[in-house]
Amino acid sequence: QVHLVESGGGLVQPGGSLKLSCEDSGRTFSSYAMGWFRQAPGEEREFVGAITWNGRDTSYADSVKERFTISRDNAKNTVYLQMGSLKAEDTAVYYCAANRKYYDLTHYTWEYDYWGQGTQVTVSS
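All of these numbers come straight from a predicted model, not from anything done at the bench. Residue numbering note: each chain is counted from 1, following its sequence as written. In keeping with the model being predicted, local features are shown solely for residues with a pLDDT of at least 70 and side-chain atom pairs are shown and tallied solely at 80 or more, while totals for entire chains, interfaces and linings include all residues. In computing side-chain values, all of the structure's heavy atoms are included and hydrogens and water are not.

Visitor: Explanation requested: the overall build of the protein chain in the structure shown.
Guide: When its secondary structure is counted, the protein chain shows zero helices and eleven strands. For the purposes of this entry, the term helix denotes a DSSP run of H or I that reaches at least four residues, the term strand denotes a run of E that reaches at least two, and both are numbered from the N terminus. Tracing the protein chain from N to C terminus, the helices and strands come up as β-β-β-β-β-β-β-β-β-β-β. A compact globule built from 125 residues should have a C-alpha radius of gyration of about 14 Å, and the protein chain, at 13 Å, falls within 12% of that. Burial classes follow relative accessibility: with a 1.4 Å probe on protein chains only, a residue under 20% of its type's maximum area counts as buried, one over 50% as exposed, and anything between as partly exposed. Across the 125 residues in the protein chain, those meeting the buried criterion constitute 45%. If you take every contact in the protein chain between residues at least 6 apart in sequence, the share linking residues at least 24 apart comes to 58%. Computed with a 1.4 Å probe, the accessible areas rest on the Shrake-Rupley method; for each residue, only the protein chains presented here act as cover. Summing over all exposed atoms, the protein chain offers an accessible surface of approximately 6600 Å²; the carbon and sulfur share of this is 45%. Counting 12 positive and 15 negative side-chain charges, the protein chain places the averaged centre of each group 5 Å from the other. This radius of gyration counts C-alpha atoms alone. The globule rule is 2.2 Å times how many residues there are, raised to the power 0.38. Working rule for contacts: check all heavy atoms of both residues, and any pair within 4.5 Å makes them a contact. None of His or the chain ends enter the tally, which takes Lys and Arg as positive and Asp and Glu as negative. The atoms used to mark charge sites are NZ of Lys, CZ of Arg, CG of Asp and CD of Glu.

Visitor: Where do I start with the pattern of salt bridges in this structure?
Guide: We define a salt bridge as a contact between a side-chain nitrogen of Lys or Arg and a carboxyl oxygen of Asp or Glu at a distance within 4 Å. Tallied over the entire structure, the rule returns six salt bridges. Salt-bridge contacts for Arg38 lead to Glu46; the nearest nitrogen and oxygen are separated by 2.6 Å. Among the ionic pairs, Arg100 bridges to Asp113, the shortest N-O distance being 3.0 Å. Note that Arg100 is positioned in the loop between strand E9 (92-99) and strand E10 (114-115) and Asp113 in the loop between E9 and E10, a separation of 13 residues in sequence. Salt bridges sharing common partners tie together Arg38, Glu46, Arg67 and Asp90.

This is how it looks when you write it as structure tokens:
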């Protein structure tokens, strides 16, 4: 079973950085591809990025490319989202998700099997 818990959200000024973590308390973390999504008020949940089970491949939404980086540490059952050059439009609840297709970098929400509860990121001066 997969149980995901995000952490690291908060308030940051425009241009600042923040690192989110998502830890799985289960035993099968390394078997899953992991994705990050976000949802702003009144908006649909959107893809931010994804990483394969072994961390060798990643994919990003155009809106965050060159600013965000996904990584994972399977020994710690944790996936990270390093966010930089943050903008007001990055404000959202950020979710991590696990995909049984361990090689799949899909951006479709319905392809993911497990979700965390989300962590709020607010970019404001």
